[in-house]
Every structure is written in structure tokens, then in C-alpha cells.
Amino acid sequence: MNGPAPGRRRAVRLLPYLLLAPALLVELLVHVLPMLAGAVMSLLRLNQFAIRDLTRAPAAGLDNYRLAADLTGPVGADLLRSFGITLAFSLLAVSGAFLLGLAGAVAMRKAFRGRTMLRTLLLIPFALPVFSSVITWNFMLQRDTGLVNTVLVDWLGLTEDRMFWLVGPNSFASLVVVAVWRTWPFAFLTITAGLQSIPAELYEAADLDGAGPWRRLSSVTLPLLRPVNTVLVLVLFLWSCNDFTTPFTLFGAAAPAEADVVSLHIYQSSFVTWNFGLGSAMSMLMLGFLLLVTIGYLALTGRRRRDA
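Computed from a predicted structure; not experimentally measured. (Residues numbered from 1 in each chain as written. Predicted model: local features only at pLDDT ≥ 70, side-chain atom pairs only at ≥ 80, totals over all residues. Heavy atoms only, no water.)

Draft legend 1. Just the overall build of the protein chain, in detail. The number of helices and strands found in the protein chain is 14 helices and zero strands. Reading the secondary structure of the protein chain in the N-to-C direction produces α-α-α-α-α-α-α-α-α-α-α-α-α-α. In summary, the protein chain has a C-alpha radius of gyration of 25 Å against a globular reference of 19 Å for 308 residues, an excess of more than 25%. Dimensions of the protein chain, computed from C-alpha atoms along their principal axes, come out at roughly 85 × 70 × 35 Å. (Helix = DSSP H or I, 4+ residues; strand = E, 2+ residues; numbered from the N terminus. Rg over C-alpha atoms; globule rule 2.2 N^0.38 Å.)

Draft legend 2. Local environment of the side chain of Arg182. With respect to the helices, strands and loops of the structure, Arg182 is situated in helix H8 (residues 170–195). No salt bridge is formed by the buried Arg182; the nearest opposite charge belongs to Asp243, separated by 4.2 Å. A polar contact of 3.2 Å, which involves the side chain of Arg182, links it to the side chain of Thr246. (Buried < 20%, exposed > 50% of the residue type's maximum accessible area, 1.4 Å probe, protein only. Lys, Arg positive; Asp, Glu negative; His and termini not counted. Salt bridge = Lys/Arg side-chain N within 4 Å of Asp/Glu carboxyl O. Polar contact = N/O pair within 3.5 Å; in protein donor to acceptor, adjacent residues only side chain to side chain.)

Draft legend 3. Main features of the environment of Trp137. Topologically, Trp137 is positioned in helix H6 (residues 130–140). Excluding residues within four positions of it along the chain, Trp137 makes contact with Val177, Val178, Trp181 and Leu250. (Contact = heavy atoms within 4.5 Å.)

Draft legend 4. Fine view of the nonpolar core. Ile191, Leu195, Leu232 and Leu236 are the most contacted members of the largest nonpolar core, which totals 31 residues. Mapped by element, the contributors of at least two residues to this core are helix H3 (74–107), H8, helix H9 (200–208), helix H10 (213–224), helix H11 (226–242), helix H13 (262–272) and helix H14 (276–307). Sequence-distant contacts of Leu195, that is, excluding residues within four places in its chain, are made with Ala105, Val106, Arg109, Tyr203, Thr221 and Leu225. Counting 21 residues, the second largest nonpolar core, distinct from the first, contains Leu152, Val178, Ala259 and Leu264. (Core = buried A, V, L, I, M, F, W, Y, C linked by side-chain atoms within 4.5 Å.)

Draft legend 5. Looking closely at the packing of H3 against H11. Between H3 and H11, the least distance of the axes is 9 Å, while the angle of their chain directions is 140 degrees. When the interaxial angle is binned, H3 and H11 end up oblique. Our pair here, H3 against H11, has a crossing hand that is right-handed. Across from Thr86, Leu87, Phe89, Ser90, Leu91, Ala93, Val94, Ala97 and Phe98 in H3, the residues of H11 making contact are Asn229, Leu232, Val233, Leu236, Phe237, Ser240 and Cys241. The class makeup of the residues in the contact of H3 with H11 is twelve nonpolar, four polar and no charged. (Axes fitted to C-alpha atoms, helices over the stretch in contact; angles between N-to-C directions. Parallel < 35°, antiparallel > 145°, perpendicular 65-115°, else oblique. Left-handed = near helix turned anticlockwise from the far one by under 90°. Nonpolar A, V, L, I, M, F, W, Y, C, P; charged D, E, K, R; others polar.)

Draft legend 6. Quick peek at the packing of aromatic side chains. The full count for this structure, using the stated rule, is twelve aromatic pairs. With a centroid separation of 5.4 Å and an interplanar angle of 85 degrees, the aromatic rings of Phe271 and Phe276 are classed as edge-to-face. The class of Phe276 is buried, set by a relative accessible area of 9%. What links up through ring pairs into an aromatic cluster is the set Phe244, Phe248, Tyr267, Phe271, Trp274 and Phe276. We note Arg109 situated over the ring of Tyr203; from NZ or CZ to the ring centre the distance is 3.8 Å. (Phe/Tyr/Trp six-rings, centres within 6.5 Å; stacked < 30°, edge-to-face > 60°. Lys NZ or Arg CZ within 6 Å of the ring centre and 35° of its normal.)

Draft legend 7. View of a nonpolar patch on the surface. Together, Leu25, Val26, Leu28, Leu29, Val30, Leu33, Met35 and Leu36 make up an exposed nonpolar region whose accessible area comes to about 700 Å². Inspection of the secondary structure puts Leu33 in helix H1 (residues 6–41). Using a relative accessible area of 40% as the deciding quantity, one classes Leu33 as partly exposed. (Patch = residues over 30% accessible without salt bridge, like charges linked within 9 Å, V, L, I, M, F, W, Y side chains within 5 Å. Areas by Shrake-Rupley, 256 points an atom, 1.4 Å probe, with all protein chains shown as cover.)

Draft legend 8. Inspection of the environment of Ile191 at higher detail. If you trace the backbone, Ile191 turns up in helix H8. Judged by its relative accessible area of 0%, Ile191 falls in the buried class. Residues within four places of Ile191 in sequence aside, it is in contact with Phe98, Gly101, Leu102, Ala105, Leu225, Asn229 and Leu232.

Draft legend 9. Highlighting the packing of H3 against H8. Here H3 crosses H8 at 40 degrees, and the two axes come no closer than 6 Å. Taken together, the axes of H3 and H8 lie oblique to each other. At the point where H3 passes H8, the crossing takes the right-handed sense.

Draft legend 10. View of the pattern of salt bridges. Tallying each qualifying case throughout the model produces six salt bridges. For the salt bridge of Arg45 with Asp63, the shortest nitrogen-to-oxygen distance reads 2.7 Å. With Arg45 in the loop between H1 and helix H2 (63–69) and Asp63 in helix H2, this pair connects stretches of sequence that are 18 residues apart. Connected via shared salt-bridge partners are Arg45, Asp63 and Arg66.

Draft legend 11. Representation of unusual backbone geometry within the structure. Unusually for a residue other than glycine, Trp274 sits at a positive phi of about 60 degrees. Considering the arrangement of structural elements, one finds Trp274 in the loop between H13 and H14.

What follows is the structure in C-alpha cells.
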């Protein structure tokens, strides 16, 4: 029998690439081209006087990078402080979201009446539009009229004075709480999906051996969830480091110094002071840091998996 015609074989070989073409085109337009534009802008003295015609913006070479990386200067020192705040915020937000998601998924592993409805309710914070959910938190955290101070002061009597949650030292804690509230349902959903792949026989065997809840978690659940958790932690960390909508909606364009994360710091440098070249250089430095973290994290987890 004759095989498929040459034209048909060629079409079969090209089909996967044709199916991937729309997604690759969107990725090119949405992510790759803006990233390349940012890299070019970081090499220019781009301000309010040159923004109308990028081709006439004078070249800056690596001056913007030197200015951002000069830790002895005011710009570099402020960026380093903002980076430290971002790192602390990301670690706390990822830890809180992961632990809450793990606790919720493990607690609802076994079937019970109303489990489906409860799972749906727990996913509401993640399903809500970011702006509407964070602006609600903004209203709740107001000093005089917010629900949080009303509960703490008027209902429970835990404090005598109403606290400022959106300015001063408490602003950092407020940002972490809002970020955890928004992202932990995603961790819950991901871990719940991972739990479905663990055979029930392993838990039955652990019960027969007399293993308690902590022993089942440490010896059965966490080891078998390691591939899922590896990706989950990385995604949550990247989300937290790049999160702009949450702090911008919560605090506005001028965030308190205690909550001045890198995303807002770059926004201030670019769209408030009109120094787009410096802001682009800061963005590229942050991109380089996240790439290094991602490569190192994947290499470390891959090595541990091979050793295991």
C-alpha cells in the first residue's frame, strides 16, 4: 500500500506548529515586544522632553543601570530599600498563602456533606476582580469608618485607639494580609488538585500503622505533593514580586515608605518623575533577579528530585 501523500505528511508535521502559532503570537505581542522595548528604553535618556519621539532621545548607555545600582547614591539606596521590602513581602505572602492553602486542602480531603459548596466559597477571593476586592479592603482598613477598627475597638475592645492601617508601620502588615487573602485560594485549588493524584490506599495503610495527622502529612502528603508544590511556590513568589495592582489599589500612587514595593517604586520613577529610562533600567534589573531566582530554584529542586 502506498503511504500518505507528501502533501498530507507535510500538513501533519506542520499541524502542531500551526496550533501553537496563535499562542506564540499573543505571547510575542503581550510579553516579548514590551520587554524588548523596555530594554531599549533603559539605554536612553528618556524623560518628558523626549517621550514624544523615542528616536530622538539621547543615548545613555549604561548610565541608568549605574545610577540604579549605585547603593551609595540616593537612587540606588532607595531602590535597595524597596527591594528589601519586596523580598520580605513576597516571602511572607507566599508562606501565608501556601500554609493556608495546604491546611484547607488537607482539611477537605475527605468527603463530607457540603464540601463542594464550601470549596466554592473559599475560591471567591481568587475569583473576584482584583480591583473590587482590594478596594473593599481599602474601605475596611480606614481608620475612622473601617470595619477592622470597628471590630477591634467597638466590638471586641482589644484596643482603645483606632489604628492607622494604610499609613505608617502597619501598612506593610495590611499589604501582606490582603495579598495572602487574594492568593491563598489559588494555593488551595492547586494543592487540592494535587491531592487527587495520591492513592487513598496510602492513607489507609498509614492509618493501619497508627500514623497520626502530622505523620500522614509529613510522610505521605508532602512528599507526594512535592512536584506540585515546587511549581506552586515559584508561581506565588513571581506573582508577589511583580504584583502592582494590589499595592496600587490599596495605597494609591504614593505608597507609605514601609510598603514601597519595587513595582510601585518603578511606577514612581517612570510615571511620576517622568524618568522612563531609569524606570526601565530598574525593571530590567528586577527581571534579571527574577530570572536568576527561577533558574536557581528550578536547578536546586531538580537536583533534589534526582538525588531522591
